[in-house]
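Chain by chain, the residues:
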Amino acid sequence: MLPALLLFIGLLIGLCTPREVRPDAFLATAMVAAAALLPLWGTLLTGVGACAISVGLMADFNALRDVTAYSELATLAAIAAFAVFFNRLLGRRARQLVQVRSVAETAQLAVLHPVPPHLGHVTLESLYLAAASEAQIGGDLYEAIRTPHGVRLLIGDVRGKGLLAIQMAATLLSAFREAAHDAPDLPHLARRLETSVSRHTSQYPGVPGSEIAERFITALLAEIPDDEPVVRTVTCGHPPPLLLHRGEVRELQPAAPSPPLNLGMLVSDGYHVDLAPFGPGDRLLLYTDGVTETRDHSGTFYPLTERIRSWNGEAPHQLLDHLHRDLITYSGGELDDDIAALLAQRRPSL
């Protein structure tokens, strides 16, 4: 409605003020606004309307023989032509942007697959919030795969942001999807992932301006076997998962955490597996440090364990919906880091 409002204001000024007060500024602004806000036909109508108002005012003031008035009309006609050209240019750019976004969304989904709601005896829900504007993924990642050894989960966080972080995330996800099926246990799986990430980063030695060789990925691997009411985890510099059991929430602190991936040279005694009971109805929440490092206006970190405890009775998707809304509210809508969370619940046996 803005272009129409500007035309109306210009008409009122032309009718209600002396001839010396010209409404051309409002008429010109209406055409420029139409070029930015309306489709082509709206821009054309606004240009025709502005010129018609100018001609009508010329007739009202008996200025049809005034050369100055015709000069002003010619200026408005030139602005109208420019507005049409500008509108076509914006339309073309908008169509190109839609195509680019479509390709980008497809590429992002190829990297971070949607997690299925059920894998065997495990129900899954996920949450992902990218800090970068217009992005669906960043340096955080997660995956869940049904294997002969049970359901295996991965959550990770690449140090740094931008395209290099996404590239490393894609490398780790591809390696996990391949190795999760045949690695006999989690230490072997962690070693396979370390090898893949190290090989990837070794391809970029001494590249000017590139920090990829110095980047690392904190990761957490979890395995929920079909035939045992337990969960096994291997921690590679990642925040500990939360175990939700009968209304209680506790952190599964690793007994011997390993360094992040791409720092495998620091692993001397192999990867340590932690074991915890995980029966029907129990839940495991894996998350990245973007959750716990979210701050409020006073700089206080987000109290994840306390908040999760108050939503423990909710269904998995409702719990993550609560977490999503609460993080946005807690941060005032200003998230500084990517956020990922993966919730796994063992279903009762049939």
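Parameters and conventions
- Residues numbered from 1 in each chain as written.
- Predicted model: local features only at pLDDT ≥ 70, side-chain atom pairs only at ≥ 80, totals over all residues.
- Heavy atoms only, no water.
- Pairing = 2+ DSSP bridges.
- Helix = DSSP H or I, 4+ residues; strand = E, 2+ residues; numbered from the N terminus.
- Axes fitted to C-alpha atoms, helices over the stretch in contact; angles between N-to-C directions.
- Contact = heavy atoms within 4.5 Å.
- Expected span 1.5 Å × (residues − 1).
- Buried < 20%, exposed > 50% of the residue type's maximum accessible area, 1.4 Å probe, protein only.
- Parallel < 35°, antiparallel > 145°, perpendicular 65-115°, else oblique.
- Nonpolar A, V, L, I, M, F, W, Y, C, P; charged D, E, K, R; others polar.
- Patch = residues over 30% accessible without salt bridge, like charges linked within 9 Å, V, L, I, M, F, W, Y side chains within 5 Å.
- Areas by Shrake-Rupley, 256 points an atom, 1.4 Å probe, with all protein chains shown as cover.
- Salt bridge = Lys/Arg side-chain N within 4 Å of Asp/Glu carboxyl O.
- Core = buried A, V, L, I, M, F, W, Y, C linked by side-chain atoms within 4.5 Å.
- Polar contact = N/O pair within 3.5 Å; in protein donor to acceptor, adjacent residues only side chain to side chain.

Moving on: the sheet that holds strand β3 (residues 140–147). In spatial order, the strands read β3-β4-β5-β6-β9; together these 5 strands make up an open sheet with antiparallel pairing. Every interior strand has two partners, whereas the edge strands, β3 and β9 (274–277), have only one. Pairs of neighbouring strands in the sheet enclose a mean axial angle of 20°, with direction left out of account. In the sheet, strand β4 (residues 150–158) pairs with strand β5 (residues 217–224) via 8 bridges, with the strands oriented antiparallel. Bridged to Gly-156 within β5 is Ala-219. Together, β3, β4 and β5 form the strand contacts of helix α5 (residues 163–179), whose direction differs from that of β3 by roughly 10°. Against the sheet, helix α6 (residues 186–202) engages β4, β5 and β6 (230–236), with an angle of about 150° to β5.

One turn of the α-helix equals 3.6 residues, which is why residues spaced by three or four share an orientation. Between its first and last C-alpha atoms helix α2 (residues 24–37) spans 20 Å; for 14 residues at 1.5 Å apiece the expected length is 20 Å, and the two agree. Looking at α2, one finds that the buried residues are Asp-24, Leu-27, Ala-28, Ala-30, Met-31, Ala-33, Ala-34 and Ala-35.

Attention shifts here to the sheet that holds strand β10 (residues 283–287). Taken in spatial order, the 6 strands line up as β1-β2-β11-β10-β7-β8 in an open sheet, and their pairing is antiparallel. Of all the strands in the sheet, the pair left with one neighbour each is β1 (118–119) and β8 (248–251). Here strand β2 (residues 122–129) pairs with strand β11 (residues 339–346) via 8 bridges, running antiparallel. Pairing of Val-122 across the sheet is with Arg-346, part of β11. Contacting β2, β7 (242–245), β10 and β11, helix α9 (residues 316–330) crosses the sheet at an angle of about 15° to β2.

With that settled, the discussion passes to the packing of α2 against helix α3 (residues 40–60). For the pair α2 and α3, interaxial distance at closest approach is 8 Å and the crossing angle is 175°. Here α2 lies roughly antiparallel to α3, going by the angle between them. On α3, the residues that touch Leu-27, Ala-30, Met-31, Ala-34 and Ala-35 of α2 are Gly-42, Thr-43, Thr-46, Gly-47, Ala-50 and Ile-53. Considering only residue class, the contact of α2 with α3 consists of 7 nonpolar, 4 polar and no charged.

Right, let's get into the pairing of β4. Within β4, 9 of the 9 residues are buried, which leaves it mostly tucked inside the rest of the structure. Pairing of β3 with β4, which is carried by 8 bridges, proceeds in the antiparallel orientation. Residue pairing in the sheet places Ile-145 in a bridge with Arg-152 of β4. The hairpin turn running from β3 into β4, its antiparallel successor, is 2 residues long.

Despite not being glycine, Arg-246 has its phi angle at roughly 50°, a positive value. Mapping Arg-246 onto the fold places it in the loop between β7 and β8. With a relative accessible area of 76%, Arg-246 lands in the exposed category. The backbone of Asn-262 sits at a positive phi, close to 80°, despite the residue not being glycine. Note that Asn-262 resides in the loop between β8 and β9. For Asn-262, a relative accessible area of 9% corresponds to the buried category.

This brings us to a nonpolar patch on the surface. Among the surface-exposed residues, Leu-2, Leu-5, Phe-8, Leu-12, Leu-37 and Leu-38 lie close enough to one another that they form a single nonpolar patch of about 540 Å² accessible area. Broken down by element, the nonpolar patch gets its largest block of residues, 4 residues, from helix α1 (residues 2–16). Relative to the elements of secondary structure, Phe-8 occurs in helix α1. Since its relative accessible area comes to 48%, Phe-8 is described here as partly exposed.

Note that β7 and β8 share 4 bridges and pair antiparallel. Residue pairing in the sheet places Leu-242 in a bridge with Glu-251 of β8. The loop that links β7 with its antiparallel partner β8 comprises 2 residues; one of these, Arg-246, has a positive phi angle of about 50°.

For the rest of this paragraph, the subject is the nonpolar core. If you look at the biggest cluster of nonpolar residues, it comprises 51 residues, and the most contacted ones within it are Leu-153 and Leu-221. Of all the elements, α5 adds the most residues to this core, at 8 residues. If you look at the next biggest cluster of nonpolar residues, it comprises 21 residues, including Leu-127, Tyr-287, Tyr-330 and Ile-339.

A separate point is the pattern of salt bridges. Taken as a whole and assessed by the stated rule, the structure comprises 7 salt bridges. One salt bridge in this structure joins Arg-177 and Glu-143, with 2.6 Å as the shortest N-O distance. Of this pair, Arg-177 sits in helix α5 while Glu-143 sits in strand β3, and the two are 34 residues apart along the sequence. You'll find Arg-177 and Glu-143 in the same group, each marked buried.

Below, the discussion takes up the side chain of Glu-143. When its relative accessible area of 4% is taken as the criterion, Glu-143 is described as buried. Side chain to side chain, Glu-143 and Arg-177 meet in a polar contact 2.6 Å long. Those residues within four positions of Glu-143 in sequence are excluded, and the remaining contacts are His-113, Arg-152, Leu-153, Leu-154, Leu-173, Phe-176, Arg-177 and Leu-342.

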